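# Descriptive analysis of the structure
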Amino acid sequence: MRKKFYDIIYGIMRYYEYQNCPRILKAKIDSKKVFDLVPPTIYALLDDLVPGSELMEDFLAEMAKFEADELNYGVWVHYPGKDHLVRFTPKFWHRLTLVLRNSTLLSDPESKMSWKDIRNKLENSVISVAGCSVGNNAAHAIAGDIRPLHIKIADQKDYQIHNANRVRLNYEDFGRNKAIVTAEQIHAIDPFIKVSVYSEGIHEKNIADFVGGNKELSEPVSSVIIEETDDPDMKILIREKARRCGIPVIMVSDIGSAVQLDIRRFDVSKSFSLASCGIFDEELYSKRDKWQRDLANRDKFYEFAFSLIGRNHEKTPEFKKIILKEAAVLFGGVPQLGSTAMAAGGIAAEAAARLLLGFKMPERMFINKHTGEVAIDGEKL
Amino acid sequence: MSKNNYNAWNIEPVDPEKSSKKDLYLNLVGWAILAASSHNAQPWRFVLKPNENIIDICVRESGILPASDKMARQAYISIGCAVENLLLAAEYYGMARSLEYICKKYPEPAVRVALGQSDTRGHGNGTLWLDAIKNRRMNRNKFDPMKSMPRETIDKMRAAARNFGLVLDTITDRATRFAIAEVQYTANKAVVARNDFRRELGLFMAPNDTHEGRVMPGKTFGLSDETALKIHNELNKDGEFDPDLAFGFAASDRDGIKSSSLIGIISVSKDNPEFWIKAGRAFQKIALIAESNNLAVAVHAAMVEVEMFNKLLKLRLRRSERPTVIFRMGYATREAPHSPRVDIKNVVEYM
């Protein structure tokens, strides 16, 4: 009975299996599945670092370690999905290579912070992205510009082929969960980022963890939330929770050839309304409820949507015509251009970085990449 | 050429019947010192022993560059270049000659050349090689990528390398040339990253109006007076090095290789001074073949001396031999000036 108990709790332990007993690898990895990123990382750093600078001196010392013991240098990472083995330089140097070309383009408002302090601030932020269509573009832009050590990504849906007009996908990704695919894409170039994957999307049971973290699960508090869901209830739920926790929410909307950026600075005040530019919560809830009682009514859906994002869509004639059914209806959903989705992702990342660095940002920014029109609404917070 | 530091290039052959042996030997050295050398450091010292019919060519310890030439490989290659010039000059005078590789440093010889009596009936090439020696210079400008090398010239170069028991890879295809160009670019970035390399280079990169003999004036890199001075000052200062200059340094070599009709890589089976000297001899001979065929040459040492990149090149060539001299060749789009030389009296002693 006692032996059975131990078998269950500790697994089957044979006498010749002791703690730290060596295990011979049974799996062989084909050399075609082994990738060495150490030399290209070294070449990139030699190319980019300034001779005579402190970073270059530190790097030359690091390079000497590589030259002294090439075979044992670096960090090996196994990607089980493709059974690939990849050698990276140690975390600091690999991630440095990935941000070096950003140079000092992201600074604080008074340009007082050193590059190191800025990197420290951005690295230790936690960016949470809900929704992986535009959100996928935002996640990549965030990884590129901010390169935090922790990102959260949420989406319950799978990628379909018609997502490929606005998300970088390949044949393996279709039919797979959007959050997982996005996480894999980020990890393919940076295994050192922790990615919390919410593959069930955001719902009542995990919203607290997504927004406010969970110490028991080592889930950190979000620093900034990028809200890109297409579920009205989720949009409201995320904002409500973020407001309670005092966390800013960024939303980018693609409106034809235009991008609209909406920022709710709940970190500045927990008494701000959920939507920007003067829309009170009561109106938002009311329009949401009206639509939910009549889900097939597209006009009511748009009324709710416009209460959240305003009416700048009227500045984009093609989009407006489709919404108002004044143009031929090619398909039954909300149209999205891939280029706009990409631009939106970039704008979201820029906004997130600027918030983290202490900039005041307008509540709403409208940028039309077709006409060049830019409009700013609301307060600068 | 009016300055003293260029007088060496005014050398002419002497009449052996009217010259003392001492003067004849000095004349041989005069041709030898026109050889190529890394950083134009001219690491040689010649010990003339006319009574023993010997000229010892030695490597000066101070001529070995500690930052860019840790193994003294480039110094011995440079010695090889000088030896080849000396032997070709001796051939002109019809002097029988034999060679012993001793491979030590001054005051011991790297190479001992034993010489016979001059006999002008013996030399069949006329002043071909002497003219080539006088006209040869390093041309670091871009070459004309549209002109390809004649097959027979390539064959002569390969034969020259084979004479020394060495391997010469000649790369003419665009894809490989471009790949090597990128390796050279990164190798240059690797060397210029180092403070000691930059400081050392700063000792040799001189303004265009320099009176020094053991330097590389900016004009030999195609630099204006202003830029040559700027680079000289930048290399000699402490702290950060202008990244634009670092880029320019690396990119100019890369673009030069891309523009060349041919990349030549002399590889050695043994990585030791004797083979380095042979590689130098082979290279000098090849450079003179090029000169006599109106072809320009430039050398690239970073890929040789930075181990990581040497291995990369070796892999690309699929060779077990070690790449030791890497040069590019082609038809010049701009002429290059000579480099200065120290006075021959400073590199010669008699015993």
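Before reading on, note that the structure itself is shown above.
An account of the accompanying structure is given in this report.

Definitions and cut-offs
- Residues numbered from 1 in each chain as written.
- Chains lettered and ligands numbered in written order.
- Predicted model: local features only at pLDDT ≥ 70, side-chain atom pairs only at ≥ 80, totals over all residues.
- Heavy atoms only, no water.
- Pairing = 2+ DSSP bridges.
- Helix = DSSP H or I, 4+ residues; strand = E, 2+ residues; numbered from the N terminus.
- Axes fitted to C-alpha atoms, helices over the stretch in contact; angles between N-to-C directions.
- Contact = heavy atoms within 4.5 Å.
- Buried area = accessible area lost by both parts, 1.4 Å probe.
- Salt bridge = Lys/Arg side-chain N within 4 Å of Asp/Glu carboxyl O.
- Polar contact = N/O pair within 3.5 Å; in protein donor to acceptor, adjacent residues only side chain to side chain.
- Parallel < 35°, antiparallel > 145°, perpendicular 65-115°, else oblique.
- Left-handed = near helix turned anticlockwise from the far one by under 90°.
- Nonpolar A, V, L, I, M, F, W, Y, C, P; charged D, E, K, R; others polar.
- Buried < 20%, exposed > 50% of the residue type's maximum accessible area, 1.4 Å probe, protein only.
- Right-handed = clockwise from strand over helix to strand, strands pointing away.
- Lys, Arg positive; Asp, Glu negative; His and termini not counted.
- Core = buried A, V, L, I, M, F, W, Y, C linked by side-chain atoms within 4.5 Å.

## Notes on the sheet that holds strand β1 (residues 34–36) of chain A
All names here are of chain A. Spatial ordering of the open sheet is given by β1-β3-β2, a layout of 3 strands whose pairing is mixed. The sheet is open, and its two borders are formed by β1 and β2 (75–79), each paired with just one other strand. The average angle at which neighbouring strand axes cross in this sheet is 20 degrees, direction not considered. Bridging between β2 and strand β3 (residues 84–88) involves 5 bridges; their strand directions are antiparallel. The residue of β3 that forms the bridge with tryptophan 76 is arginine 87.

## Focus on the sheet that holds strand β10 (residues 362–368) of chain A
All names here are of chain A. The 8 strands lie next to each other as β6-β5-β4-β7-β8-β9-β10-β11, forming an open sheet whose pairing is mixed. Looking along the sheet, the strands with just one partner apiece sit at the ends: β6 (194–198) and β11 (374–380). Neighbour-to-neighbour, the strand axes of the sheet open up by a mean angle of 15 degrees, direction not taken into account. Of the strand pairs in this sheet, strand β7 (residues 224–227) and strand β8 (residues 249–255) are connected by 2 bridges, and their pairing is parallel. Following the sheet pairing, isoleucine 225 is matched in β8 by valine 249. In the packing of helix α6 (residues 134–145) onto the sheet, the strands contacted are β4 (126–130), β5 (150–154), β7 and β8, and the crossing angle to β4 comes to about 165 degrees. Lying on the sheet, helix α9 (residues 232–245) is in contact with β4, β7 and β8; it crosses β7 at an angle near 170 degrees.

## Observations regarding the interface of chain A and chain B
Contact residues are listed per partner, giving 15 residues for chain A and 18 residues for chain B. Buried surface at the junction of chain A and chain B, summed over both partners, amounts to about 1,300 Å²; 65% is from carbon and sulfur atoms. A per-residue breakdown of the area chain A buries against chain B is headed by Tyr43(A), Leu46(A) and Pro51(A), which together make up 40% of the total. At the junction of chain A and chain B, the tally comes to 2 salt bridges. Lys189(B) serves as the salt-bridge partner of Asp47(A), at 2.9 Å between the closest nitrogen and oxygen. Taken together, chain A and chain B are joined by 5 residue pairs in polar contact (both at pLDDT 80 or more). In terms of residue count, helix α3 (residues 54–68) of chain A provides more of the side of chain A that touches chain B than any other element does, 6 residues in total.

## Looking at the packing of α6(A) against helix α7 (residues 178–189) of chain A
Residues and elements named next belong to chain A. Where α6 meets α7, the closest approach of the two axes is 10 Å, and the angle between their N-to-C directions is 20 degrees. As far as their axial angle goes, α7 and α6 are roughly parallel. In this structure, α6 crosses over α7, and the sense of that crossing is right-handed. From α6, Asn136, Ala139 and His140 reach across to α7, where they touch Thr182, Gln185 and Ile186. When its residues are assigned to classes, the contact of α6 with α7 shows 2 nonpolar, 4 polar and no charged.

## Here we look at the pairing of β8(A)
Residues and elements named next belong to chain A. Burial analysis of β8 places 7 of its 7 residues in the buried class, which makes it a mostly covered element. By the alternation rule, side chains of β8 split into Val249, Met251, Ser253 and Ile255 and Ile250, Val252 and Asp254, which are all buried. For the crossover that starts at β7, traverses α9 and ends in the parallel β8, the hand is right-handed. Pairing geometry for β8 and strand β9 (residues 258–264), over 7 bridges, is antiparallel. Within β9, the position partnered with methionine 251 by the bridge is aspartate 262.

## Structural notes on the packing of helix α2 (residues 38–48) of chain A against helix α11 (residues 307–317) of chain B
Put simply, α2(A) and α11(B) touch, their axes get as near as 13 Å, and they point 125 degrees apart. One finds that α2(A) runs oblique with respect to α11(B). For the element pair α2(A) and α11(B), the recorded crossing hand is left-handed. Between α2(A) and α11(B), the contacting residues are Ile42(A), Tyr43(A) and Leu46(A) on the first element and Met308(B), Phe309(B) and Leu312(B) on the second. A class-by-class count of the residues in the contact of α2(A) with α11(B) yields 6 nonpolar, no polar and no charged.

## Focus on the side chain of Thr229(A)
Along the chain, Thr229(A) turns up in the loop between β7 and α9. A distance of 2.7 Å separates a polar atom in the side chain of Thr229(A) from a polar atom in the side chain of Glu227(A).

## A word on the side chain of Lys241(A)
Residues and elements named next belong to chain A. Along the polypeptide, lysine 241 turns up in helix α9. Aspartate 209 provides the closest opposite charge to the buried, unpaired lysine 241, separated from it by 8.2 Å. Leaving out residues up to four positions away in the same chain, lysine 241 has contacts with Ile207, Ala208 and Val211.

## Quick look at the pattern of salt bridges
One pass over the structure, following the stated rule, counts 55 salt bridges over all chains. The partner of Arg45(B) in a salt bridge is Glu349(B), and the shortest N-O contact between them spans 2.7 Å. Placement of Arg45(B) in strand β1 (residues 44–49) and of Glu349(B) in strand β11 (residues 348–350) is noted, with a sequence separation of 304 residues between them. Between Lys49(B) and Asp56(B) there is a salt bridge, with the nearest N and O atoms lying 2.9 Å from each other. Asp56(B) carries the same exposure label as Lys49(B), and that label is buried. Taken together, the salt bridges that share partners define one network made up of Glu283(A), Lys287(A), Glu303(A), Arg311(A) and Glu314(A).

## Topic: unusual backbone geometry
All names here are of chain B. The amide bond that connects tyrosine 106 to the next residue, proline 107, takes the cis arrangement and shows omega of 10 degrees. By the element assignment, proline 107 lies in the loop between β3 (97–101) and β4 (111–115). The backbone of histidine 39 shows a phi angle near 60 degrees, a positive value even though the residue is not glycine. For histidine 39, the position within the fold is in the loop between α1 (21–32) and β1. Accessibility expressed as a relative area gives 14% for histidine 39, which makes it buried.

## Brief notes about the nonpolar core
Grouped together as the largest cluster of nonpolar side chains are 79 residues, with contacts concentrated most on Leu28(B), Phe46(B), Ile57(B), Ile266(B), Phe327(B) and Met329(B). Element by element, the count of residues in this core is highest for helix α2 (residues 73–92) of chain B, at 13 residues. Those residues in contact with Ile57(B) that lie beyond four places of it in its chain are Trp44(B), Arg45(B), Phe46(B), Ile79(B), Val83(B), Leu86(B), Pro109(B), Ala110(B), Val111(B) and Val113(B). Tyr73(A), Phe241(B), Val306(B) and Leu313(B) belong to the second largest nonpolar core, which has 49 residues in total.

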